[in-house]
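# Fold and geometry: a report
Each chain, letter by letter, is given below.
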Amino acid sequence: MNSAQMHSCPLKIEIDDIDFMGHVNNSIYLQWVQAAVIEHWQRVASPAAVAAYLWIALKHEITYRKPAFLRDQLTANVVLEQVRRESAFYETTIRRGSEVIAEVKSRWCCVDAVSQRPVRVTAAVMACFFPGASEEQAAPASR
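Residues numbered from 1 in each chain as written. Predicted model: local features only at pLDDT ≥ 70, side-chain atom pairs only at ≥ 80, totals over all residues. Heavy atoms only, no water.

Under an unreviewed UniProt entry, the name given to the chain is Thioesterase superfamily protein, and the organism recorded is Novosphingobium resinovorum.

So this is what it looks like as structure tokens:
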């Protein structure tokens, strides 16, 4: 299956993001990933879907490649790899120019905005992420 289109999100490094070693604290990467994935959802989904569904993070696996510093210009490149039942599997690459500084694999759960209980991703929501793909194409059995 082809992944959904990549979403790029510029990242801003604040002075409070810098730790005792002089580079961005590892915990900040989680904030960036969350912001980038939510921004992706809000960009691709209809206003009705954004109002009806929320996404919560279930798991992040981060590989830190290089440190980031206060004056760096970074971008988070977000790709939705697949959607299966109530879960979305994302890959986010944080870059400084062409240089990869971190790679993040994450799993997100779709929840109903009112009940805040997990819900299966509907075909209409799936079509926001994967235009023209059938549910079977967007939801491989593995993972």
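### Quick notes on the pairing of strand β4 (residues 87–96)
A large share of β4 lies buried, amounting to eight of its ten residues. Sheet topology note: the strand β3 (residues 74–84)/β4 ladder contains ten bridges and is antiparallel. When the bridges of β4 are listed, Thr 75 appears paired with Arg 95. Between β3 and β4, which pair antiparallel and follow one another directly, the connecting turn spans two residues, one of which, Arg 85, has a positive phi of 55°. (Buried < 20%, exposed > 50% of the residue type's maximum accessible area, 1.4 Å probe, protein only. Helix = DSSP H or I, 4+ residues; strand = E, 2+ residues; numbered from the N terminus. Pairing = 2+ DSSP bridges.)

### Side note on the pairing of strand β5 (residues 99–112)
Summarising the sheet, strand β2 (residues 53–64) and β5 pair through eleven bridges and their orientation is antiparallel. When the sheet's bridge partners are listed, Ile 56 is paired in β5 with Cys 109. Note: β4 against β5, ten bridges, orientation antiparallel. Following the sheet pairing, Glu 91 is matched in β5 by Lys 105.

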